[in-house]
Amino acid sequence: ARILLDSLFEGGFLVEAYTDINFKTKKQLKDALAAGRKITVYQPNDDLFGGHGLPRDGRVTLEGPHSPEPHRWYATALLKDGYVVAIDPPEPKRQNDFGRWPTQYWR
């Protein structure tokens, strides 16, 4: 739940994405990354989310397979220079039990 909440408000807007390859399972995604395949992400409905685009560096929530198929897997990805470098990376250390919410978003 905490990963989902983080990704919902990363940078102040919703950050959900698809991978450039339509992986049917999260295992296929992890195997491709482990094999050294370069994987990028995109948001097909970016204009619906304010046109902010996706970050080149940071965390995003991935979902698959692509629409119109029902989503059967979700993952958090760490991006570096626009490429996925880790799937479900460990969460960053928190300052308190509330994470960064009280100080960063609800001032």
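Thresholds applied
- Residues numbered from 1 in each chain as written.
- Predicted model: local features only at pLDDT ≥ 70, side-chain atom pairs only at ≥ 80, totals over all residues.
- Heavy atoms only, no water.
- Salt bridge = Lys/Arg side-chain N within 4 Å of Asp/Glu carboxyl O.
- Helix = DSSP H or I, 4+ residues; strand = E, 2+ residues; numbered from the N terminus.
- Buried < 20%, exposed > 50% of the residue type's maximum accessible area, 1.4 Å probe, protein only.
- Pairing = 2+ DSSP bridges.
- pLDDT = per-residue confidence, 0-100.
- Contact = heavy atoms within 4.5 Å.

Draft legend 1. Broad picture of the pattern of salt bridges. Enumeration according to the criterion identifies five salt bridges in this entry. One salt bridge in this structure joins Asp31 and Lys27, with 2.8 Å as the shortest N-O distance. On the criterion of helical spacing, the pair formed by Asp31 and Lys27 is a turn pair, its members being four residues apart in helix 2 (residues 26–34). Between Asp88 and Lys30 there is a salt bridge; the shortest N-O distance is 4.0 Å. You can see Asp88 sitting in the loop between strand 5 (83–87) and helix 3 (101–104) and its partner Lys30 sitting in helix 2, a full 58 residues away along the chain. Lys30 sits in the partly exposed class, given a relative accessible area of 38%. The network of salt bridges with shared partners includes Lys24, Glu69 and Arg72.

Draft legend 2. Structural context of the sheet that holds strand 4 (residues 73–80). Spatial strand order, 2-1-3-4-5: five strands in an open sheet with mixed pairing. Edge strands, defined here as strands with exactly one partner in the open sheet, are strand 2 (41–42) and strand 5. Of the strand pairs in this sheet, strand 1 (residues 16–19) and strand 3 (residues 58–64) are connected by two bridges, and their pairing is parallel. By the bridge assignment, Ala17 is partnered in strand 3 with Leu62.

Draft legend 3. Spotlight on the confidence of the model for the protein. Summarising the model, the protein shows a mean pLDDT of 76, and 63% of its residues fall at 70 or more. The lowest-confidence element of the protein is helix 1 (residues 2–8), averaging 47 in pLDDT; the highest-confidence one is helix 2, averaging 95. For the stretch residues 1–14, pLDDT sits under 50, and the model shows 27 contacts to residues farther than four places along the chain or on other chains. Low pLDDT (under 50) marks residues 101–107, which in the prediction has ten contacts with non-local residues, meaning those over four places away or in another chain.

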